[in-house]
Amino acid sequence: MTTAGPSPRARSTRQRAAVSAALDEIEDFRSAQELHDMLKHRGDSVGLTTVYRTLQSLADAGEVDVLRTADGEAVYRRCSSGHHHHLVCRHCGSTVEVEGPAVERWANTVAAEHGFSDIAHTLEIFGTCADCAAKQRIGA
């Protein structure tokens, strides 16, 4: 019987570097298609399949966070290290990283009350950012 060791480090390629650089330039979550379009407009020749594979590899390595939109599409963003949550505008995608010590305490308490240990969780909060809310008021 063989056991799998740590996954080998992803090969460093021009395409991977281009995707990584694009992620460094954005603050909001973006889909693979949006990142592909961004790369294409910059003149980087990276195929859409390569963008998807690279994003999955970066997500598996913990280098990017992945959210699912309301319609199930995966969106990606390079985030800080360490545990955090996100406030995400459902209109423009603006994203803010937040810590939630009260959420952490609540999750641990609920898990312990039900006999669970070694827990993990994700929490994303969706709403309307101040800029979009102001635009909506003006347009109303």
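These numbers come from a predicted model, not from an experiment.

Q: Tell me about the domain arrangement of the chain, and please be specific about residues and values.
A: Under the domain assignment used here, the chain contains domain 1 (1-79) and domain 2 (81-139). Centre-to-centre, using C-alpha coordinates, domain 1 lies 22 Å away from domain 2. At the junction of the two partners, domain 1 supplies eight residues and domain 2 supplies 11 residues. Buried surface at the junction of domain 1 and domain 2, both sides included, amounts to about 650 Å², of which 54% is carbon and sulfur. Looking only at domain 1, the three residues that lose the most surface to domain 2 are Asp28, Leu67 and Cys79, adding up to 56% of its buried area. Across the contact surface, domain 1 and domain 2 share one salt bridge. Between Glu97 and Arg77 there is a salt bridge, and its shortest N-O distance comes to 3.0 Å. Connecting domain 1 to domain 2 are four residue pairs in polar contact (both at pLDDT 80 or more). If you tally residues by element for the side of domain 1 that touches domain 2, the top one is strand β2 (residues 65-68), at three residues. By residue class, the composition of the side of domain 1 that touches domain 2 is three nonpolar, no polar and five charged.

Q: Explain the pattern of salt bridges residue by residue, including any values.
A: Within this structure, the stated rule accounts for four salt bridges. Between Arg42 and Glu25 there is a salt bridge, with the nearest N and O atoms lying 2.6 Å from each other. Highlighted residues: Arg42 in helix α2 (residues 32-42) and Glu25 in helix α1 (residues 14-25), separated in sequence by 17 residues. Taking the relative accessible area as the measure of exposure, Arg42 reaches 35% and is therefore partly exposed. Several salt bridges converge on common partners, so that one network encompasses Glu25, Arg42 and Asp44.

Q: Before we move on, could you go through the side chain of His84 and cite the residues and values that matter?
A: Tracing the chain through its elements places His84 in the loop between β3 (74-77) and β4 (85-89). The class of His84 is buried, set by a relative accessible area of 12%. A polar contact of 3.0 Å, which involves the side chain of His84, links it to the side chain of Asp65. A polar contact of 3.2 Å, which involves the side chain of His84, links it to the side chain of His86.

Q: Provide a residue-level description of the confidence of the model for the chain, including the pertinent values.
A: Averaged over every residue, the pLDDT of the chain is 86; the share at 70 or more is 91%. Confidence, read as mean pLDDT per element, is least for strand β5 (residues 95-98) in the chain (85) and greatest for α2 (95). Note on residues 1-8: pLDDT is under 50 here. Beyond four places in sequence and across chains, it has zero contacts.

Scoring rules and cut-offs
- Residues numbered from 1 in each chain as written.
- Predicted model: local features only at pLDDT ≥ 70, side-chain atom pairs only at ≥ 80, totals over all residues.
- Heavy atoms only, no water.
- Domains from an automatic or database assignment.
- Contact = heavy atoms within 4.5 Å.
- Buried area = accessible area lost by both parts, 1.4 Å probe.
- Salt bridge = Lys/Arg side-chain N within 4 Å of Asp/Glu carboxyl O.
- Polar contact = N/O pair within 3.5 Å; in protein donor to acceptor, adjacent residues only side chain to side chain.
- Helix = DSSP H or I, 4+ residues; strand = E, 2+ residues; numbered from the N terminus.
- Nonpolar A, V, L, I, M, F, W, Y, C, P; charged D, E, K, R; others polar.
- Buried < 20%, exposed > 50% of the residue type's maximum accessible area, 1.4 Å probe, protein only.
- pLDDT = per-residue confidence, 0-100.

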